[in-house]
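# Topology and contacts: notes
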Amino acid sequence: MFAKETYINRRSALKQYVGGGLLLFLGNEEQGLNYEDNSFRFRQDSTFLYYFGISAPSLAAIIDIDENREIIFGDELTIDYIVWMGTLPTLSEKSEQVGIQDVRPQNELYKYLQKAAGKGQTIHYLPPYRAEHKLKLMDLLGIAPAQQTGSVPFIRGVVAQRNIKTEEEIQEIEKACDVTADMHITAIKMLRPGMYEYEITAAMNQVAESNNCLLSFPTIATINGQTLHNHYHGNQVKPGDLFLIDAGCERPSGYCGDMSSTFPADKTFSPSQRAVYEIQNAMHLASVKALRPGIPYMEVYELSARVMVEGMKSLGLMKGDADDAVHEGAHALFYPHGLGHMMGLDVHDMENLGEIWVGYDGQPKSTQFGRKSQRLAIPLRPGFVHTVEPGIYFIPELIDLWQSQKKFADFINYDEVEKYRYFGGIRNEEDYLITETGARRLGKKIPLTPEEVEAIR
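How each quantity is defined
Residues numbered from 1 in each chain as written. Predicted model: local features only at pLDDT ≥ 70, side-chain atom pairs only at ≥ 80, totals over all residues. Heavy atoms only, no water. Helix = DSSP H or I, 4+ residues; strand = E, 2+ residues; numbered from the N terminus. Rg over C-alpha atoms; globule rule 2.2 N^0.38 Å. Buried < 20%, exposed > 50% of the residue type's maximum accessible area, 1.4 Å probe, protein only. Contact = heavy atoms within 4.5 Å. Areas by Shrake-Rupley, 256 points an atom, 1.4 Å probe, with all protein chains shown as cover. Lys, Arg positive; Asp, Glu negative; His and termini not counted. Charge placed at Lys NZ, Arg CZ, Asp CG, Glu CD. Core = buried A, V, L, I, M, F, W, Y, C linked by side-chain atoms within 4.5 Å. Patch = residues over 30% accessible without salt bridge, like charges linked within 9 Å, V, L, I, M, F, W, Y side chains within 5 Å. Salt bridge = Lys/Arg side-chain N within 4 Å of Asp/Glu carboxyl O. Pairing = 2+ DSSP bridges. Axes fitted to C-alpha atoms, helices over the stretch in contact; angles between N-to-C directions. Parallel < 35°, antiparallel > 145°, perpendicular 65-115°, else oblique. Left-handed = near helix turned anticlockwise from the far one by under 90°. Nonpolar A, V, L, I, M, F, W, Y, C, P; charged D, E, K, R; others polar. Expected span 1.5 Å × (residues − 1). Phe/Tyr/Trp six-rings, centres within 6.5 Å; stacked < 30°, edge-to-face > 60°. Arc of directions from axis to C-beta.

What follows concerns the overall build of the protein chain. Of the regular secondary structure elements, the protein chain holds 16 helices and 17 strands. On C-alpha atoms alone, the protein chain measures out to a radius of gyration of 24 Å, which is about the 23 Å that the 2.2 N^0.38 rule sets for 457 residues. For the protein chain, the spread of C-alpha atoms along the principal axes amounts to about 70 × 45 × 45 Å. The buried share among the 457 residues of the protein chain stands at 53%. In the protein chain, the proportion of contacts linking residues at least 24 apart, taken out of those at least 6 apart, comes to 73%. Taken as a whole, the protein chain presents about 19,500 Å² of accessible surface, with 52% of it coming from carbon and sulfur. Side-chain charges of the protein chain comprise 45 positive and 61 negative groups, with the mean position of each set lying 2 Å from the other.

A separate point is the nonpolar core. Grouped together as the largest cluster of nonpolar side chains are 119 residues, with contacts concentrated most on Phe-25, Met-308, Met-318, Phe-334 and Phe-394. With 10 residues, helix H8 (residues 167–190) is the single largest residue contributor to this core. In terms of nonpolar packing, the next biggest core, distinct from the first, is built from 15 residues, Leu-26, Phe-73, Tyr-112 and Leu-137 among them.

A cluster of nonpolar side chains, namely Leu-77, Ile-79, Tyr-81, Val-83, Trp-84, Met-85 and Leu-88, defines an oily patch on the protein surface of about 790 Å² accessible area. Along the polypeptide, Trp-84 turns up in helix H3 (residues 79–85).

The subject of this paragraph is the sheet that holds strand S7 (residues 123–124). Strand order across the open sheet formed by five strands is S6-S5-S4-S1-S7, with mixed pairing between neighbours. Lying at the two open borders of the sheet, with one neighbouring strand each, are strand S6 (102–104) and S7.

Our next topic: the pattern of salt bridges. Within this structure, the stated rule accounts for 34 salt bridges. Note that Glu-389 and Arg-427 form a salt bridge whose closest N and O atoms lie 4.0 Å from each other. Of this pair, Glu-389 sits in the loop between strand S13 (385–388) and strand S14 (391–393) while Arg-427 is found in strand S15 (residues 425–427), placing the two residues 38 residues apart along the sequence. Like Glu-389, the residue Arg-427 is buried in the burial classification.

For the rest of this paragraph, the subject is the packing of helix H10 (residues 271–290) against helix H11 (residues 297–314). Two numbers describe how H10 lies on H11: the axes approach to 9 Å, and their chain directions differ by 150°. Of the possible angle classes, the one that applies to H10 and H11 is roughly antiparallel. Our pair here, H10 against H11, has a crossing hand that is right-handed. Between H10, through Ile-279, Ala-282, Met-283, Ala-286, Ser-287 and Ala-290, and H11, the contact on the second element is made entirely by Val-300, Leu-303, Ser-304, Val-307, Met-308, Gly-311 and Met-312. Broken down by class, the residue content of the contact of H10 with H11 amounts to 10 nonpolar, three polar and no charged.

Before going further, it helps to examine H10. Here H10 spans 29 Å end to end across 20 residues, near enough to the 28 Å set by a 1.5 Å rise per residue. Restricting attention to buried positions, one finds in H10 the residues Gln-273, Val-276, Tyr-277, Ile-279, Gln-280, Asn-281, Met-283, His-284, Ser-287 and Ala-290.

The next thing to look at is the sheet that holds S13. With antiparallel pairing, three strands are arranged side by side in an open sheet as S13-S16-S17. In this open sheet, the two edge strands, each paired with only one partner strand, are S13 and strand S17 (439–441). On average, each strand axis in the sheet is tilted by 35° relative to the strand beside it, whichever way the strands run. The pairing of S13 with strand S16 (residues 430–434) spans four bridges and is antiparallel. Directly across from Val-385, in S16, lies its bridge partner Leu-433. Across the sheet, H8 lies against S13, S16 and S17, angled at about 40° from S17, the strand it touches most.

Time to look at the environment of Ile-82. Along the chain, Ile-82 falls in helix H3. In this structure Ile-82 comes out as partly exposed when scored by relative accessible area, which is 27%. Distance from Ile-82 to Gly-354, taken between C-alpha atoms, is 39 Å for residues 272 residues apart in sequence. Excluding residues that lie within four positions of it along the chain, Ile-82 makes contacts with Leu-77 and Thr-87.

On to unusual backbone geometry, then. The phi dihedral of Met-350 is positive, around 60°, even though this residue is not glycine. With respect to the helices and strands, the residue Met-350 is situated in the loop between helix H12 (322–328) and helix H13 (355–358). According to the relative accessible area criterion, Met-350 is buried, its value standing at 0%. Unlike most non-glycine residues, Phe-408 shows phi in positive territory, near 55°. Along the polypeptide, Phe-408 turns up in the loop between helix H14 (396–404) and helix H15 (414–418). Note on Phe-408: relative accessible area 18%, which makes it buried.

Here we come to the packing of aromatic side chains. The final tally for this structure, using the stated rule, is 18 aromatic pairs. Ring centres 6.0 Å apart and planes at 50° place the aromatic pair Phe-2 and Tyr-255 in the tilted group. Taken as a pair, Phe-2 in the segment before helix H1 (4–18) and Tyr-255 in the loop between strand S11 (249–250) and strand S12 (259–264) lie far apart in primary sequence, 253 residues in all. Look at Phe-2 and you get buried, because its relative accessible area is 17%.

Attention now goes to H14. Turning to H14, its buried residues number three or more, namely Pro-396, Leu-398, Ile-399 and Trp-402. In a view along the axis of H14, the buried residues occupy a sector of 165°, so they form one face of it. Exposed residues on H14 whose side chains face more than 90 degrees from its buried face are Glu-397 and Ser-404. On its buried side, H14 packs onto H15. One or two residues past the end of H14 sits Lys-406, with phi positive at roughly 55°.

What follows is the structure, encoded as structure tokens:
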């Protein structure tokens, strides 16, 4: 939790941006894992956390711009809760810490909203991403789940603020990135053939928890890096395997880190592994060099794709003009995802509000395979925090499909690609802050070049 003034100023700026009406914030609830009292880890809604700072379940809040009121709705703890969970600060005490004096019981929220609707006030709400929120909005506002699209002025106001990270936010993100880097460095040092993926995952979890952090998303730690979001950890590592990790930690404040690393199970890369790895490195380094205020991140993505095409041409896997290959989408056989995404209180920051608002400023996204997965396209601005994570993958199912369709035969040498069918995948990822003059990597450096990786293997 930051200083009281931080939350007061955030709410004031949001009120000024939206201008009028009533803003409804729904906090998250406890979620039962396999029965009600055995719950998943509680995580507060990030927008609620951003403006109200309280990480506790069963809360809601209103900013009534027209009436100049800020209210938190929730119930104080009963003796039954205290017996099991202990004494905690009261809701009124927590609310005072973030500059809210008006605290009301949860059952008064419906009455307040009904009164506002009766006066003709505009009630703004954000797009729901949990079933509980959809049910609440249906009960509170009478809007069927299929019509719960959210208020565009509210969405834009939140995005305008949360996209630009303040110094206190940057400090929290950097702390998360430091621990995230330690998670990866630990894994790179310890991996040996014969180990299981879950042993590496356990070691990374220990690093996070020993620094009073949790995971910012389910860890990817796999010998099957060609599967982009592979959360299975049961494989035994064999000599000759490539091992891909995508993992990050979350600070108690909610701010996240997100990094990826790829390294050989053996002490060194094989010649073919090193050749493809160096192409991915070239993609990464060219992207980082291009980071600066004003450059559209879609242009940086396209740059990384052109670098990949030229590299794959040198291995005989692709042919033709690199610009044409990227324009047509041929590169996506090997690079089917985007270059990066915003990061902050969410590891994919504000993705629940819609990528079209966070990364595209309301403009439509491409429908082209690969390019459509680019989550951030708008010009970069000082204060943006985002990932840089180009990748190269050999996905047998995708190769077979495109080859059967004779897709992009002018750019892809399928006979040569077949030789890499079981290569796997490579992704390296760092987190960057856009500054007034360029960009700065956040957190400790994790090994990136082949030489840096082999030096600690």
